[in-house]
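What follows is the residue order along each chain.
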Amino acid sequence: MVGLSSSAPRFDRIVSLIFVILIGLALIFLIDGNPNTLRIVLGGDLPTITLSWFLLASLTVITSAGADLLARAHPQLHNRRLPVINLGFTHLEVAPSFWVLPSFAVIGSFAFFRLFSNTLQGVAFALALGAAGSSLCMVLVAQHYAFDRNPTVSQRAQLVLQAVSYLLAFGVFSAVAYARYRTLYSATLIGTTALLLAYALLSYTPRASVFTLAVLVGLTLAEATWAINYWATSFLFAGTLLLVSFYLAVSLLQQQAAGKLERRLIIEYGLLGGGLFAAIVFMTLMR
């Protein structure tokens, strides 16, 4: 892939960013395991906020900033019109579609493997760091090649991004389902996650109203969450159902935006979704 590209990724910057993020994640795991850490109890049925939330938010900002700098250094992005933030004294170009997947590589890895910290203990800690580091590396490299002038290289990179995004979506969906928040909170979290991930994936689709389509995906997943919350199933099954819904919604919109949506594809996606849904229901009833 490197030999076919117009330019190679800045692996020195990628490795440095990953190193900083892994140190931060390790610190968060250590703090999160301390029962005496700072906790903010909001009362009622609102979730308890811990110091880990603020540290994870800080890591997300660092990851987004690093991914933005790496993306805007790509020669192909110099010819694209990027959103501009007006700071009054200066105008700053940003690439928000490149923030999402790197950020969720950190959030999804931490949120999912944290669920197993009591049972797996140190193994869960190692798995979280390994998943965060590997997924962040794959995303940053694939985002570089996604705009390559060689269509073969670009398509392969986009396939990698899709595969990683679906894994990250499953991690976040499962973590929210595990928490058993009220539908108002869980639907908001899952809908927002689906919106952001869909925005990142659909940004590579030509002739697409990206944000509008991403909002549709987010609303679809939020409504699916409302229905699943009435079903007494495990968080892994709930995460799988939400992942199937997310995959079908994004895939259909990608095909439609690219002008390739045909009756045959609709039937195939319908059979795939229906078959997976039936299999999950069957396994749930057999438990």
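Refer to the preceding data block for the structure.
Predicted model, so just to flag it, every value in this text is computed and none were measured.

The rules behind the values
Residues numbered from 1 in each chain as written. Predicted model: local features only at pLDDT ≥ 70, side-chain atom pairs only at ≥ 80, totals over all residues. Heavy atoms only, no water. Helix = DSSP H or I, 4+ residues; strand = E, 2+ residues; numbered from the N terminus. Contact = heavy atoms within 4.5 Å. Areas by Shrake-Rupley, 256 points an atom, 1.4 Å probe, with all protein chains shown as cover. Phe/Tyr/Trp six-rings, centres within 6.5 Å; stacked < 30°, edge-to-face > 60°. Buried < 20%, exposed > 50% of the residue type's maximum accessible area, 1.4 Å probe, protein only. Salt bridge = Lys/Arg side-chain N within 4 Å of Asp/Glu carboxyl O. 1 Å grid on protein atoms, 1.4 Å probe; cavity = no way out; pocket = protein on both sides within 12 Å on 5 of 7 lines; lining within 4 Å. Points joined across faces, edges and corners; volume = space filled by probe spheres on them. Nonpolar A, V, L, I, M, F, W, Y, C, P; charged D, E, K, R; others polar. Axes fitted to C-alpha atoms, helices over the stretch in contact; angles between N-to-C directions. Parallel < 35°, antiparallel > 145°, perpendicular 65-115°, else oblique. Left-handed = near helix turned anticlockwise from the far one by under 90°.

(A) Structural detail: the overall build of the protein chain. A tally of helices and strands in the protein chain yields 10 helices and four strands. Along the chain direction, N to C, the helices and strands of the protein chain fall in the order α-β-β-α-β-β-α-α-α-α-α-α-α-α. Sequence-distant contacts in the protein chain: of pairs separated by 6 or more residues, those separated by 24 or more amount to 70%. Summing over all exposed atoms, the protein chain offers an accessible surface of approximately 15,100 Å²; the carbon and sulfur share of this is 66%.

(B) A look at the packing of aromatic side chains. All chains considered together, the criterion is met by 10 aromatic pairs. For the ring pair F112 and F113, a centre distance of 5.3 Å and an interplane angle of 85° mean the geometry is edge-to-face. Its relative accessible area of 16% is what places F112 among the buried residues. Among the residues examined, F113 registers a relative accessible area of 18% and is labelled buried. Ring geometry for F112 versus F170: centroids 5.8 Å apart, planes at 50°, classification tilted. Placement of F112 in helix α3 (residues 100–113) and of F170 in helix α6 (residues 151–179) is noted, with a sequence separation of 58 residues between them. Chaining the aromatic ring pairs together yields one cluster made of F112, F113, F116, F170, Y178 and F235.

(C) Summary view of the environment of A128. Along the polypeptide, A128 turns up in helix α5 (residues 122–145). A residue is classified by how much of its surface remains accessible, and A128, at 0% relative accessible area, is buried. Expressed as a C-alpha distance, the spacing of A128 and F29, which sit 99 residues apart in the sequence, is 9.4 Å.

(D) View of the pattern of salt bridges. For the coordinates displayed, the defined rule picks out one salt bridge. A salt bridge links D12 to R10; its shortest N-O distance comes to 2.9 Å. The class of D12 is partly exposed, set by a relative accessible area of 44%.

(E) Region of the structure containing the layout of surface pockets. Of the volumes computed, that of the largest pocket is approximately 1,200 Å³. Forming the walls of the largest pocket are 39 residues, and the residues nearest its centre are W53, L56, I107, A111 and L189. Going through the elements one at a time, α2 (51–72), α3, α4 (117–120), α6 and α7 (183–202) are the ones with two or more residues in the lining of the largest pocket. For the lining of the largest pocket, the leading source of residues is α7, giving eight residues. The residue inventory of the lining of the largest pocket, partitioned by class, reads 24 nonpolar, 12 polar and three charged.

(F) Just the packing of α2 against α3, in detail. Here α2 crosses α3 at 150°, and the two axes come no closer than 7 Å. Classed by the angle they form, the pair α2 and α3 counts as roughly antiparallel. Considering the relative orientation of α2 and α3, their crossing is right-handed. Listed contacts from α3 to L56, L59, T60, T63, S64 and A67 of α2 are P102, S103, V106, I107 and F110. For the contact of α2 with α3, a count of residues per class yields seven nonpolar, four polar and no charged.

(G) Local environment of unusual backbone geometry. Of note, the phi angle at R180 is positive, near 55°, even though the residue is not glycine. Within the secondary structure, R180 sits in the loop between α6 and α7. Relative accessible area serves as the criterion here: at 54%, R180 is assigned to the exposed category.

(H) Structural detail: empty space enclosed by the protein. This structure, assessed with the given rule, holds one cavity of 30 Å³ or more. In this model, the largest cavity occupies a volume close to 90 Å³. Taken together, V176, A177, R180, Y181, S186, I190, T225, I228, N229, A238 and L242 make up the full set of residues lining the largest cavity. Those elements that provide at least two residues to the lining of the largest cavity are α6, α7, α8 (210–228) and α9 (235–257). Here the residues of the lining of the largest cavity are counted per class, giving seven nonpolar, three polar and one charged.

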